[in-house]
Amino acid sequence: HPCFGGDEISAKEWWRKCVIQSFRYAGATGIDEKTEEMIFQRIYSTFGSINAYEIFPDAIPFLKWAKRNELVCGVLSNADERYGDSIL
């Protein structure tokens, strides 16, 4: 599937497949579907919240400097559509 599922599956379903397959590649086999879903939901909810991220100590001073100096800044991310609500 394309990154984050494209038009084929939802981003959440893409992440589900990615997480579960990662555990299998790491050798975690024999996990029942209910446990797989619990693991996925925990990981998905953590990375959909601010709990998995931190602000670098130099970020705010830099942004203030950039504003004073009329430097235009942008944000690039490889996160899915949830980042706008939860991370930024």
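Nothing here was measured: the structure is a model prediction, and the numbers come from that model.

Draft legend 1. Inspection of the pattern of salt bridges at higher detail. Counting across every chain of the model gives three salt bridges. Across the pair Arg16 and Glu37 runs a salt bridge whose closest N-O atoms are separated by 2.9 Å. Of this pair, Arg16 sits in helix α1 (residues 11-25) while Glu37 sits in helix α2 (residues 33-47); the two residues are 21 residues apart in sequence, bridging distant segments of the chain. Where Glu36 meets Arg24, a salt bridge forms, and the shortest distance between an N and an O atom there is 2.8 Å. In this pair, Glu36 is assigned in helix α2 and Arg24 in helix α1, connecting sequence segments twelve residues apart. Overall, Glu36 belongs to the buried group, its relative accessible area being 13%.

Draft legend 2. The side chain of Arg16, seen in detail. Classification of Arg16 by relative accessible area gives buried; the value is 18%. Beyond its immediate stretch of four places on either side in the chain, Arg16 contacts Glu37, Phe40 and Gln41.

Draft legend 3. Layout of a nonpolar patch on the surface. Taken together, Phe62, Leu63, Trp65 and Leu71 make up a surface patch of nonpolar side chains, about 380 Å² in accessible area. By the secondary structure assignment, Leu63 is in helix α3 (residues 59-68). When its relative accessible area of 46% is taken as the criterion, Leu63 is described as partly exposed.

Draft legend 4. Unusual backbone geometry, seen in detail. Its identity is not glycine, yet Glu70 carries a phi of approximately 55°, on the positive side. Here Glu70 lies in the loop between α3 and α4 (83-86). Residue Glu70 is classed as exposed on the basis of its relative accessible area of 71%.

Draft legend 5. Molecular detail of the environment of Lys12. Among the structural elements, Lys12 can be located in helix α1. Lys12 sits 29 residues away from Gln41 along the chain, and the two C-alpha atoms are 9.8 Å apart. Sequence-distant contacts of Lys12, defined by excluding residues within four places in its chain, comprise Phe40, Gln41 and Tyr44.

Reading the values: the criteria
- Residues numbered from 1 in each chain as written.
- Predicted model: local features only at pLDDT ≥ 70, side-chain atom pairs only at ≥ 80, totals over all residues.
- Heavy atoms only, no water.
- Salt bridge = Lys/Arg side-chain N within 4 Å of Asp/Glu carboxyl O.
- Helix = DSSP H or I, 4+ residues; strand = E, 2+ residues; numbered from the N terminus.
- Buried < 20%, exposed > 50% of the residue type's maximum accessible area, 1.4 Å probe, protein only.
- Contact = heavy atoms within 4.5 Å.
- Patch = residues over 30% accessible without salt bridge, like charges linked within 9 Å, V, L, I, M, F, W, Y side chains within 5 Å.
- Areas by Shrake-Rupley, 256 points an atom, 1.4 Å probe, with all protein chains shown as cover.

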